[in-house]
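# Summary of the model geometry
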Amino acid sequence: MIDLSRLSDRRALLLALGLKVLVISCMLWEQDRWPFGPGAFAYAHGDADTYLVPIDNLVEHGNYTPDLRMPGLGAVYFLPRMLFGRQGGMNAIGVLQALLGALCVVVLMRSAQRLGANGRMATLVFLVAALGLWTNSYDLYLLAESFCISAVILSFHF
């Protein structure tokens with residue numbers, strides 16, 4: 001087995017990004033979503049609109065209504081929404097989630113090394129984190145959970 005833990009952080013990050021792009025592209029293709037179909041890259045699922053609609057109203061009408069939730073995802077969504085519009089802002093959040101997820105793949109591998117994992121085990125941690133369908137699926141939907149788990153991983157490491 002190749003020892004990926006010997007890669008520089010930059011190369012490991014590029015590899016993690018490449019693997020995440022591959023997995024996410026396969027998931028998008030399977031779901032007939034952009035750029036492989038008519039659907040959007042990232043979209044609101046479940047109760048995500050309760051975070052996004054107040055920001056949309058704030059940008060378009062100047063009032064934060066309905067204010068049913070803490071800002072959460074809306075706080076992250078505000079700037080991309082102002083710059084790129086609703087769908088562009090949602091796609092920007094999806095890309096940001098994927099980039100942050102790739103960074104966390106490398107951080108998890110380095111954390112495993114700090115905890116005493118040998119090269120093979122650190123490589124296994126890297127591959128499971130980069131190729132895991134469950135974690136990659138969170139990057140396709142606008143969810144605060146993606147940012148939350150990234151914050152937990154980065155906090156644990158640093």
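See the structure printed just above.
Conventions adopted
Residues numbered from 1 in each chain as written. Predicted model: local features only at pLDDT ≥ 70, side-chain atom pairs only at ≥ 80, totals over all residues. Heavy atoms only, no water. Phe/Tyr/Trp six-rings, centres within 6.5 Å; stacked < 30°, edge-to-face > 60°. Helix = DSSP H or I, 4+ residues; strand = E, 2+ residues; numbered from the N terminus. 1 Å grid on protein atoms, 1.4 Å probe; cavity = no way out; pocket = protein on both sides within 12 Å on 5 of 7 lines; lining within 4 Å. Points joined across faces, edges and corners; volume = space filled by probe spheres on them. Nonpolar A, V, L, I, M, F, W, Y, C, P; charged D, E, K, R; others polar. Core = buried A, V, L, I, M, F, W, Y, C linked by side-chain atoms within 4.5 Å. Buried < 20%, exposed > 50% of the residue type's maximum accessible area, 1.4 Å probe, protein only. Contact = heavy atoms within 4.5 Å. Axes fitted to C-alpha atoms, helices over the stretch in contact; angles between N-to-C directions. Left-handed = near helix turned anticlockwise from the far one by under 90°. Patch = residues over 30% accessible without salt bridge, like charges linked within 9 Å, V, L, I, M, F, W, Y side chains within 5 Å. Areas by Shrake-Rupley, 256 points an atom, 1.4 Å probe, with all protein chains shown as cover. Salt bridge = Lys/Arg side-chain N within 4 Å of Asp/Glu carboxyl O. Polar contact = N/O pair within 3.5 Å; in protein donor to acceptor, adjacent residues only side chain to side chain.

The next point concerns the packing of aromatic side chains. Following the criterion strictly, the structure yields one aromatic pair and no others. Aromatic side chains Trp 134 and Tyr 138 sit 5.7 Å apart centroid to centroid with 90° between the ring planes, which places their arrangement in the edge-to-face category. One end of the pair, Trp 134, and the other, Tyr 138, are both in helix 5 (residues 133–138), four residues apart, so they sit about a helical turn from each other.

If you add up the space inside the largest pocket, you get close to 250 Å³. Forming the walls of the largest pocket are 15 residues, and the residues nearest its centre are Gly 101, Thr 135, Ile 149, Ser 150 and Ile 153. Looking at the lining of the largest pocket, the elements with two or more residues in it are helix 3 (73–114), helix 5 and helix 6 (144–157). Residues that form the lining of the largest pocket fall into these classes: seven nonpolar, five polar and three charged.

So, about the nonpolar core. By size, the foremost hydrophobic cluster in this structure holds twelve residues: Leu 4, Ala 12, Ala 16, Leu 19, Ala 102, Val 105, Val 106, Met 109, Ala 122, Phe 126, Ala 129 and Ala 130. Elements supplying a minimum of two residues to this core: helix 1 (9–30), helix 3 and helix 4 (119–131). Setting aside anything within four residues of it in sequence, one finds Ala 102 in contact with Leu 13, Ala 16, Leu 17 and Lys 20. With ten residues, the next largest nonpolar core counts Tyr 51, Met 90, Ile 93 and Leu 142 among its residues.

Between helix 3 and helix 6, whose axes approach to 8 Å, the crossing angle comes to 35°. Regarding helix 3 and helix 6, the two cross each other, and that crossing is left-handed.

Time to look at the environment of Leu 100. Along the chain, Leu 100 falls in helix 3. Residue Leu 100 is classed as partly exposed on the basis of its relative accessible area of 22%. Separated by 42 residues in sequence, Leu 100 and Leu 58 place their C-alpha atoms 26 Å apart. When near neighbours in sequence (up to four residues on either side) are disregarded, Leu 100 contacts Phe 147, Ser 150 and Leu 154.

Our focus in this paragraph is a nonpolar patch on the surface. A surface patch of nonpolar side chains, amounting to about 650 Å² of accessible area, comprises Leu 58, Val 59, Phe 78, Leu 79, Met 82, Leu 83 and Phe 84. Those elements that provide at least two residues to the nonpolar patch are helix 2 (49–61) and helix 3. Note that Leu 83 resides in helix 3. A relative accessible area of 58% means that Leu 83 is categorised as exposed.

Our focus in this paragraph is the side chain of His 157. Along the chain, His 157 turns up in helix 6. His 157 sits in the buried class, given a relative accessible area of 10%. A polar contact of 2.7 Å, which involves the side chain of His 157, links it to the side chain of Ser 111. Not counting the four nearest positions on each side in its chain, His 157 is found in contact with Val 107, Arg 110, Ser 111 and Arg 114.

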